[in-house]
Each structure stands twice: as C-alpha cells, then as structure tokens.
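Reading the structure
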Amino acid sequence: MKVAVEKQAIIVPGFRFSGVACGIKPSGKKDVALIVSDIPATAVAAFTTNQVKAAPVLVGQQRIKSGHLQAVVVNSGNANASTAQPGLRLARDTCTLVGQTLGMPESLVFPSSTGKIGVLPPWEKMTAGIRAACEALSPGGFWQALAGIMTTDAFPKAAVRQVLLGGRTVTVAGMAKGAGMINPNMATMLCYVVTDASVERSALQRILDACLPETFNAISVDGDTSTNDTLLILANGLAGNRTIQRNSGKDFSALKAASGEILRDLARLVVKDGEGATRVVDIFVREAKTATDAQKVARAVAYSPLVKTAFYGGDPNWGRIACAVGYAGADVDQDKLDIAVGEVPIGRNGMSTGGENERKAALVMRQPEFAITIDLHRGRAGAHVVTSDLSVGYLRFNSAYST
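So, here is what we can say about the structure in this document. (Residues numbered from 1 in each chain as written. Predicted model: local features only at pLDDT ≥ 70, side-chain atom pairs only at ≥ 80, totals over all residues. Heavy atoms only, no water.)

With that out of the way, let us pick up the side chain of Thr-83. Among the structural elements, Thr-83 can be located in the loop between β3 (68-78) and α2 (84-102). Residue Thr-83 is classed as buried on the basis of its relative accessible area of 12%. Apart from residues lying up to four places away in sequence, Thr-83 is in contact with Ala-55, Gly-118, Val-119 and Leu-120. (Helix = DSSP H or I, 4+ residues; strand = E, 2+ residues; numbered from the N terminus. Buried < 20%, exposed > 50% of the residue type's maximum accessible area, 1.4 Å probe, protein only. Contact = heavy atoms within 4.5 Å.)

Quick look at helix α1 (residues 55-63) now. Looking at α1, one finds that the buried residues are Ala-55, Pro-56, Val-57, Val-59, Gly-60 and Arg-63. On its buried face, α1 sits against β2 (32-47), β3, α2, β4 (109-116) and β9 (230-235).

With that out of the way, let us pick up the environment of Ser-112. If you trace the backbone, Ser-112 turns up in strand β4. It is 10 Å that separates the C-alpha atoms of Ser-112 and Leu-34, two residues lying 78 residues apart in sequence. Aside from chain neighbours lying at most four places away, what touches Ser-112 is Pro-56, Val-73, Val-74, Asn-75, Leu-190, Tyr-192 and Thr-230. Reaching out from Ser-112, the side chain makes a polar contact with the side chain of Tyr-192 at a distance of 2.8 Å. (Polar contact = N/O pair within 3.5 Å; in protein donor to acceptor, adjacent residues only side chain to side chain.)

Turning next to the nonpolar core. Side chains that are nonpolar tend, in soluble globular proteins, to be buried together. Of all hydrophobic cores here, the largest spans 37 residues; its most connected members are Cys-191, Phe-216, Leu-231 and Leu-255. When residues of this core are traced back to their parent elements, those giving at least two are β2, β5 (157-165), β6 (168-177), β7 (190-195), α5 (201-211), β9 and α6 (250-272). It is α6 that provides the largest number of residues to this core, a total of nine residues. Beyond its immediate chain neighbours, meaning those up to four positions away, Cys-191 contacts Met-175, Ala-176, Phe-216, Thr-230, Leu-231, Leu-232, Leu-263 and Leu-266. One finds Val-285, Ile-321, Ala-330 and Ile-372 within the second-largest nonpolar core, a separate group that totals 34 residues. (Core = buried A, V, L, I, M, F, W, Y, C linked by side-chain atoms within 4.5 Å.)

Once that is clear, we can look at the packing of α1 against α2. Closest axis-to-axis distance for the α1/α2 pair is 8 Å, and the angle between their directions is 55 degrees. Classed by the angle they form, the pair α1 and α2 counts as oblique. The handedness of the crossing between α1 and α2 is right-handed. Between α1 and α2, the residues in contact are Ala-55, Pro-56, Leu-58, Val-59 and Arg-63 and Gly-87, Leu-88, Ala-91, Arg-92 and Cys-95, respectively. For the contact of α1 with α2, the class distribution of residues is seven nonpolar, one polar and two charged. (Axes fitted to C-alpha atoms, helices over the stretch in contact; angles between N-to-C directions. Parallel < 35°, antiparallel > 145°, perpendicular 65-115°, else oblique. Left-handed = near helix turned anticlockwise from the far one by under 90°. Nonpolar A, V, L, I, M, F, W, Y, C, P; charged D, E, K, R; others polar.)

In structure tokens form, the structure reads like this:
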C-alpha cells in the first residue's frame, strides 16, 4: 500500500528522528540529523565506489560489518571528505558523543556527512548540534531529520509503504538527499531506509543487492560519482512478524517489493531534482547481445553532454543519440539501429525517419518526463537508466559552487 507522504506524518514504530540547525550552513537551515532505533537494528549498507572516500564512509564501512546499528548521525553543509586523519577523528568523535549522550555503545552509531568536499565540519558547532538533536528526538521527527540531511536539494525526498507480513502490519520508510554529482554506482546521495520488520541480515542484504541495480545504480544526472554516497537500511524487528529469512517465501517477496518501490521512488526523485534539471528521461535499451552491452549503451546515452543538452532544448537529434550508441563499446550494427522518442520512431535501420517524425518527437520532448527507446536487434538483453537534461541552470550553479 502506497502512502501519500506529502500529506501526513511518517511514523515507523521503534524509531525516533530529529533535525536541528547548529550553524554549519550559513543559511541557518537544519544541518544535523539523527535517526535512532529503540533497540539495536539489523543493518546493511552500500557505499560509493569512488576510491576517494569521505571519512564517515570509511568509518561507516567498518561499523556496518557487525550487522547491527542503533543510531545514524548526519551533518550537512560540509562533506568531511579529503580531510585526512582529522576528518577520521571527527567522524569517530561524532559517534562517541552520540553514544555517550544517548547511552549506547559508540560502535552502534553510524556517521554520514554531505556538502562541500575538502572542508572539515566545525567541531564546536557539531557538538552543540548533536546535543540539541539528541534532545529533540521524536517519533514524529522524520521530516525534521530529512531537512537536516539536505544540501542543494530543491525539495525533500521521502517514500513510505505499509505491507502485511504474516498478519502483522509493517512500515517501510525512506528518506534521501541528492541533486548534483549523480551517477550510477551509488549515485551522489545519502539514503536511509528504516523498517520495523523482523528480518535476518542475510535476507536484508539479499533485498538490498536485488534492488540496488534497478534503482540508485540506474540513475545519472551529471556522470560524477561522489565521495560520500551511502545507502543504509535498518530493521529493528519491533513489528513482531515472524523473522524473514533468506528463503522465506511470500513474506520475503513482499518486503523486497516494498523496499524496491521505496528505493525506486527515491532514486527517481533524485533525478527529478537534478541541479537545474527540467526533464526526467528514461533510457531503455532493447535487444542487445548481452546485458553488459545494454548497460554500456544506456549509460553512454545518459552521460552524453550533447544528448543531455538536446533533451533540455527539446531537440530530437537522432545523430547525437546514434553517435553515443556507437562509441559505447557495445556490439552494435548501425544498419539495424532503431531509436524512438516516446512512441515516435526518429531512426530506423540506421537512418533518420525524417522531418515529420522529428516534429512529433519534439512535442513529446516538451513534456517533463519522456522515454528514449533504443533497439539494437542483436540479442535479447535490455537495460534501463533514468537521467535528466543538462541545462544552463546546472552550469550556473556548479560554476560557482565554492564561492
């Protein structure tokens, strides 16, 4: 069951949330957030594939190995990335302070940061923010916590589902931030999913592994993979359902479906909020020789600055898309290449279909969301990537991000 998150509070039994402002952001907006489970929760995570990893990512990768966490502390405004040993100390000290304040082992506290790379969060402000966030914790604080993790986001990103597992109503809710530096292999974002379901860690890991390739690893805004990407799922088991195991049949499938819907909704919202973005575009590749070929083609088209600027201008430029297909490194026969915008074919058998179809396709491309379908006619494999256009707004924002 899908819940209209924009019209109601989000309550997940056994979880409390908070978001406060401590002055890290010059704007005075919320910049410290906490997510806390009443009891240690089963935990799994995925992180950036960038080899330059932020300090909280390095600490988080160690903490997640135990399979259990109880609290997440996030600061926004400064990424605590490329900050060397001082950054690692600050990430660990952040966890220590949360643990001491809330009376839990610091090993159960997980840190995240987001914002400008190369800047160390100010410890004095962090200290005040963490203490205030601990005091503000509330079951109804979901939206405050979400506000605390946002940076360049134009709007908050949340999703929630309720599902019956063994006769028990279970809630799954997620929040995410991200707008720029968005690319597959964990897109530039933070995402936290919490649920009161009882589920073994191996089953939860299997759910994450199954959902990630089709959600956050299938989106792109600008081709940049960040230093801080983190996706964390916490399950505290307080719903009292029979514990879901790796092969638990319909309950496992139901939780997997709900989690997949949450991650898919959040990933799409991240693309929709791409800095300066005016359009969301689904790239579908069909009849590729292999799945790898299909992915190569989809991502080449999704990454191409020329294609993305054509999306912004509403220009159904067959040649730009065909060019990206050709340099993707896949097995392609240009004489069999078909390309469509929505239902309108703009290229067939390696040739443009002409001006009338281009005019029809241009009308489709005026819509805020549309699809590009690429048929290679080389096999049976396919791929899907969600991307955005590349606008002057993106250039304006990122040409002066630091100043």
